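Examination of the molecular architecture
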Amino acid sequence: MDKLVIRGGSPLLGTVRISGAKNAALPCMAAALLTADEVTLENIPQVRDLETTRRLLAAMGAEVELGYGRAHHRTTIQCGKLVSPEASYELVKTMRASTLVLGPLVARCGRARVSLPGGCAIGARPIDLHIKGLERLGVKITHDHGYVEATTDRLRGAEIVFDKITVTGTEDLLMAATLADGDTVLQNCAREPEVADLADLLNKMGAKIHGAGSSTIHVKGVGKLHGAKHRIIPDRIEAGTFLIAGALTGGDVKVSGCDPAHLTSLLQKLQEAGVKTTHTVDAIRVMGDKPLQAADVDTEEYPGFPTDMQAQYMALATQADGTSIVTENIFENRFMHAQELVRMGASIKIEGRRAIVRGKTPLSAAAVLASDLRASASLVLAALVADGETIIDRVYHIDRGYEHIEEKLKGLGAEIRRMGEIFPRKAAAPSIGS
C-alpha cells in the first residue's frame, strides 16, 4: 500500500496545470450508455475512479478505448450492444458515483441492476432521491440483496421536484429524461458546473436540454441519441487545492488551465483570509507573502463554498492568526481529517457540524492516515508546512481524484516522494508438522 513522504518548509513556486474534472468525467462516461454510437471524451484525468468506470462499462459490453502517447487524456466509448445492464458490487464498492449508470441503463435497455455503492467514509449519500425521480418517470424499482433493480416499458416525462439538492441525482435523472416520452421538468436541481458540462455533452448527442446550471432544467425527450466529441471542464477542486497550497506555504503559484468563474466562492474566502490572488480567463496566480488571517467558512451547494474544499481550507486555517469556525452543511462525518491534523499539532475542536480551529499553531511531522479523498489532500497540505518528514498512509484515496499529485508538487519545489511498504511483508509462519 503506497505512502507519501513529505518534508515540509519549502515555499511552492512556479506553474501547475490543472487536469480535467473527475466529477465531470464520471457522468459523461455514464452518458455514453445512452447511445450505440461512439462517444469521445477529451481532457480525461488519469485517476483511479475513471479506471473503475472504464472497467464497469467494459463489463456491460462497452468497447472502451484508451488514448496513448499524446492522446493519453482521451477515451473513446462505444456501447453498441449492452450484454449485461448490471453494475456489480465488486466493481462499484470503491466509488459512490456508480449510481450514475442507473438512469442511462434503464433509459437505454428498459432495465438495470445496480449495486448500492461504497466509497469513502464521509457519511450517507442516499440513493432514494434517484429512485423517487425514476419512479416519477415510470420506472418500477425493487431492492434485492443490496442491489437496486429497475424496469420499465417506456419512460414518460414528468415534473420532478428534488426534496434536497443532489448533484448525482440531478445528473442521473437528466440522463434518463433525455430518452423519455414527452417533457420533463426538474426542479431544485444542483447548479454545479459539472451538471452543466454533462448537459453540454448530452445536447451534442442530440438531447434537448435547457436550463442546466440553474435550479430548473427542462428536457424535451427524443427517440434516439447519437455519438459526439466533448472536452471535459477543468477540475475546480484540484485548482482550489493548489491555490491553498501556494497560499499556505507562502509561495507564488500560477494555477493554469482552470476556470476562475468556477472558483468565485473560494477566491472570495482566500481574499478574506488575507491571500492575494490575480486571474486571467484561464489561470489564477496566488501569492502567499502576507500573514494569513482567520475567516469562517460554511459549506453550501454551488455556488457556495464547496464541501470538497472544506478539509483543505481547514489545513489553511491552522496557520491563520485567530479562530476560524468551519461549518459542514452538506455531509455528516466529514471531519475525520481533523484528528490527524491535531496529531500534527493543530488546535481543532469538533462540535457537531462545526470545527473550531485556533491558529496559528506550528505543525510537526507525524505518521497520519488518509480516510477519504479530500481528507488526504488536507494532510498533504499540512505536511507541506510541517517541521520534519510526514508519512501519509492509504494514499490510494488521493489517487481516486488527483492526477499525479506528487509530480505536480515536485514541479513547484515540494520535497515529496511516493513509496511502497517500508518493510517487506513477513513470511507466513510455518505450519506445525511441516
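An account of the accompanying structure is given in this report. Residue numbers run consecutively from 1 along every chain, following the written order of its sequence. In view of the model being predicted, local features appear only for residues whose pLDDT reaches at least 70, and side-chain atom pairs are presented and counted only at 80 or more, with totals across whole chains, interfaces and linings using the full set of residues. To get the side-chain values, all heavy atoms of the structure are used, and hydrogens and water are removed first.

Here we look at empty space enclosed by the protein
Empty space among the atoms becomes visible once a probe the size of a water molecule is rolled across them. Spelled out, the test is: The pocket and cavity definitions rest on a 1 Å grid over protein atoms only: a 1.4 Å probe that fits but cannot leave marks a cavity, an open set with protein on both sides within 12 Å along at least five of seven lines marks a pocket, and residues lining either have an atom within 4 Å of a point. Grid points are joined across faces, edges and corners, and a volume is the space filled by probe spheres set on the points. Secondary structure elements follow DSSP: runs of H or I no shorter than four residues count as helices, runs of E no shorter than two count as strands, and numbering proceeds from the N terminus.
Counted under the stated rule, the structure contains three cavities of 30 Å³ or more. Its boundaries defined by the atoms lining it, the largest cavity holds a volume of some 50 Å³. Around the largest cavity sit Leu26, Ala30, Thr53, Leu56, Met95, Ala97, Ser98, Leu100 and Val101, which together line it. Secondary-structure elements contributing two or more residues to the lining of the largest cavity are helix H1 (22-31) and helix H2 (48-59).

Notes on the state of the cysteines
When the sulfur atoms of two cysteines share a covalent bond, that bond is a disulfide. The condition that has to hold: Throughout, a disulfide means two cysteine sulfur atoms within 2.5 Å of one another. The classification of residues rests on relative accessible area computed with a 1.4 Å probe and restricted to protein chains. Under 20% of the type maximum is buried, over 50% is exposed, and intermediate values are partly exposed.
This structure, assessed with the given rule, holds zero disulfides. No disulfide involves cysteine 28; its sulfur sits 13 Å from that of cysteine 79, the nearest cysteine. The thiol of cysteine 258 is not disulfide-bonded; the next cysteine sulfur, from cysteine 28, is found 19 Å away. Overall, the relative accessible area of 4% leaves cysteine 258 in the buried class.

Focus on the environment of proline 291
Formally: The criterion used for residue contact is that any of the two residues' heavy atoms lie within 4.5 Å.
Position of proline 291 among the secondary structure elements: in the loop between strand E17 (283-287) and strand E18 (297-298). Sequence separation of proline 291 and lysine 254 is 37 residues, and the distance between their C-alpha atoms is 19 Å. With sequence-adjacent residues up to four places away left out, proline 291 is seen in contact with Ala273, Gly274 and Asp321.

Here we look at the pattern of salt bridges
Pairs may arise between side chains of opposite charge once their charged atoms sit close together. Formally: For this analysis, a salt bridge means a side-chain nitrogen from Lys or Arg found within 4 Å of a carboxyl oxygen belonging to Asp or Glu.
Under the definition given, this model contains 25 salt bridges. Salt-bridge contacts for glutamate 149 lead to arginine 113; the nearest nitrogen and oxygen are separated by 2.9 Å. Highlighted residues: glutamate 149 in strand E9 (residues 147-151) and arginine 113 in strand E7 (residues 111-115), separated in sequence by 36 residues. For glutamate 149, a relative accessible area of 25% corresponds to the partly exposed category. Residues joined by salt bridges that share partners form a network here, namely Asp2, Asp399, Glu406 and Arg418.

Considering the packing of helix H10 (residues 310-317) against helix H12 (residues 373-385)
Quick note on the threshold: Axis definition: a line fit to C-alpha positions, over the contact stretch in the case of helices; interaxial angles, taken between N-to-C directions, run 0 to 180 degrees. The cut-offs work like this: below 35 degrees is roughly parallel, past 145 is roughly antiparallel, 65 to 115 is roughly perpendicular, and the gaps in between are oblique. By convention the crossing between two helices is left-handed if the near helix lies anticlockwise of the far one by an angle smaller than a right angle, and right-handed if it lies clockwise.
Remark: H10 packs on H12, axes separated minimally by 7 Å, with the N-to-C direction vectors making an angle of 25 degrees. Taken together, H10 and H12 sit at an angle that is classed as roughly parallel. Two packed elements cross with a definite hand, and for H10 against H12 that hand is right-handed. In this structure, H10 uses Ala311, Gln312 and Ala315 to contact H12, whose residues at the interface are Arg374, Ala375, Ala377, Ser378, Leu381 and Ala382.

Quick notes on the nonpolar core
For clarity, the threshold we go by: Grouping buried Ala, Val, Leu, Ile, Met, Phe, Trp, Tyr and Cys residues that are joined through side-chain atoms within 4.5 Å yields what is termed a nonpolar core.
Ranked by size, the top nonpolar core spans 73 residues in total, and within it Val101, Leu174 and Leu202 carry the most contacts. Considering each element in turn, this core owes the most residues, seven residues, to H1. When sequence neighbours within four positions are dropped, the list of residues in contact with valine 101 reads Ala30, Leu33, Leu56, Met60, Ala87 and Val114. In terms of nonpolar packing, the next biggest core, distinct from the first, is built from 66 residues, Ile237, Leu263, Val368 and Leu384 among them.

As for helix H9 (residues 264-272)
Along an α-helix, residues three or four positions apart point the same way, because every turn accommodates 3.6 residues. Turning to H9, its buried residues number three or more, namely Ser265, Leu266, Leu267, Lys269 and Leu270. Packed against the buried residues of H9 are helix H8 (236-248), strand E16 (276-279), E17, E18 and H10. At the exit of H9 stands glycine 274, carrying a positive phi of roughly 90 degrees.

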